[in-house]
Amino acid sequence: MIKIGVLISGNGTNLQAVMDACRLGILPAEVAVVISNQADAYGLKRAEMAGIDHLYANDDQKILASLKNHQVDIVVLAGYLKLISKELVQAFEGRMINIHPSLIPAFSGKGYYGLKVHQAVIDRGVKVTGATVHLVDERFDEGKILIQEPVQVLASDDAKSLQASVLKVEHRILITAIADLIQEMNK
């Protein structure tokens with residue numbers, strides 16, 4: 001069974017999508033551990049309610065040790081708002097992915113996360129945004145793009161309504177990207 005480690009910083013809606021996909025057998029995997037760099041992240045509560053090992057860790061050495069201890073095969077950054085160290089990236093090279101709420105390279109990089117991305121889209125007057133799953137490297141949002149899907153920006157959208165539309169796409173393409181990675185690993 002493929003083991004997934006999920007890194008979060010907040011609410012954990014993408015984490016929930018991954019846990020649900022594993023539970024329902026959509027993904028032939030299990031979430032082995034959830035790690036947050038924010039002690040009060042609601043995603044840790046989601047993991048606790050699901051009976052999944054979880055911890056607060058703000059140090060990449062501790063994160064790496066926990067991922068190795070849980071024999072993690074794939075690492076998913078699901079709203080993780082911290083730059084990953086070179087050592088951690090190298091330990092999971094080609095098996096660490098991130099979900100980002102825009103069509104990279106637009107509205108990506110340092111400082112572009114959460115509602116800030118969607119507000120920037122609204123402020124700029126963009127008509128199409130979307131979500132991207134990419135491999136993680138040592139820079140913000142610059143790893144190889146795996147999947148992108150567009151989302152129309154409606155004239156009535158504000159940052160919160162746009163975020164809700166993009167999140168639906170994020171949940172779907174994140175599961176697809178994980179499934180593709182598992183299939184590649186099983187070849």
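Below or above, wherever it landed, is the structure these notes cover.

The rules we used
Throughout, residues of each chain are indexed from 1 in the direction in which the sequence is written. Only residues with pLDDT of at least 70 are given local features in this predicted model, and only at 80 or more are side-chain atom pairs given and counted; all residues enter the totals for whole chains, interfaces and linings. Derived side-chain values reflect all non-hydrogen atoms in the structure, with water molecules and hydrogen atoms excluded from consideration. Salt bridges are identified by distance alone: a Lys or Arg side-chain nitrogen within 4 Å of an Asp or Glu carboxyl oxygen. We count a stretch as a helix when DSSP gives it H or I for four or more residues in a row; a strand needs E for two or more, and each element gets its number in order from the N terminus. Only protein chains enter the calculation, and the probe is 1.4 Å; a residue is then buried if its accessible area is under 20% of its type maximum, exposed if over 50%, and partly exposed in between. Grid points spaced at 1 Å and placed over the protein atoms alone form the basis of the search, with a cavity being a set where a 1.4 Å probe fits but cannot get out and a pocket an open set showing protein on both sides within 12 Å along at least five of seven lines. Lining residues have an atom within 4 Å of a point. Grid points are joined across faces, edges and corners, and a volume is the space filled by probe spheres set on the points. Residue classes follow a fixed rule: Ala, Val, Leu, Ile, Met, Phe, Trp, Tyr, Cys and Pro count as nonpolar, while Asp, Glu, Lys and Arg count as charged, and any other residue, Gly among them, counts as polar.

Some words on the pattern of salt bridges
And then number 1: By the definition in use, this model includes 6 salt bridges.
And then number 2: Residue Lys 82 pairs with Asp 60 through a salt bridge whose shortest N-O separation is 3.6 Å. In this pair, Lys 82 sits in the loop between β4 (74-77) and α4 (86-91) while Asp 60 sits in helix α3 (residues 60-69), placing the two residues 22 residues apart along the sequence.
And then number 3: On the basis of relative accessible area, Asp 60 is assigned to the buried category, the value being 12%.
And then number 4: The salt bridge partner of Arg 139 is Glu 142, with a shortest N-O separation of 3.4 Å.
And then number 5: Residue classification places Arg 139 among the partly exposed residues on the basis of a relative accessible area of 47%.
And then number 6: On the accessibility criterion, Glu 142 (48% relative accessible area) is partly exposed.
And then number 7: Among the ionic contacts, a cluster of salt bridges with common partners joins Asp 137, Arg 139 and Glu 142.

As for the layout of surface pockets
To find leftover empty space, a probe the size of one water molecule is rolled over the atoms.
And then number 1: The volume enclosed by the largest pocket comes to roughly 660 Å³.
And then number 2: Around the largest pocket sit 35 residues that line it, and Gly 79, Tyr 80, Leu 81, Tyr 113 and Gly 114 are the ones nearest its centre.
And then number 3: Residue assignment for the lining of the largest pocket shows that the elements contributing at least two residues are α1 (13-23), β5 (96-100), α5 (114-124) and α6 (159-185).
And then number 4: Broken down by class, the residue content of the lining of the largest pocket amounts to 14 nonpolar, 15 polar and 6 charged.

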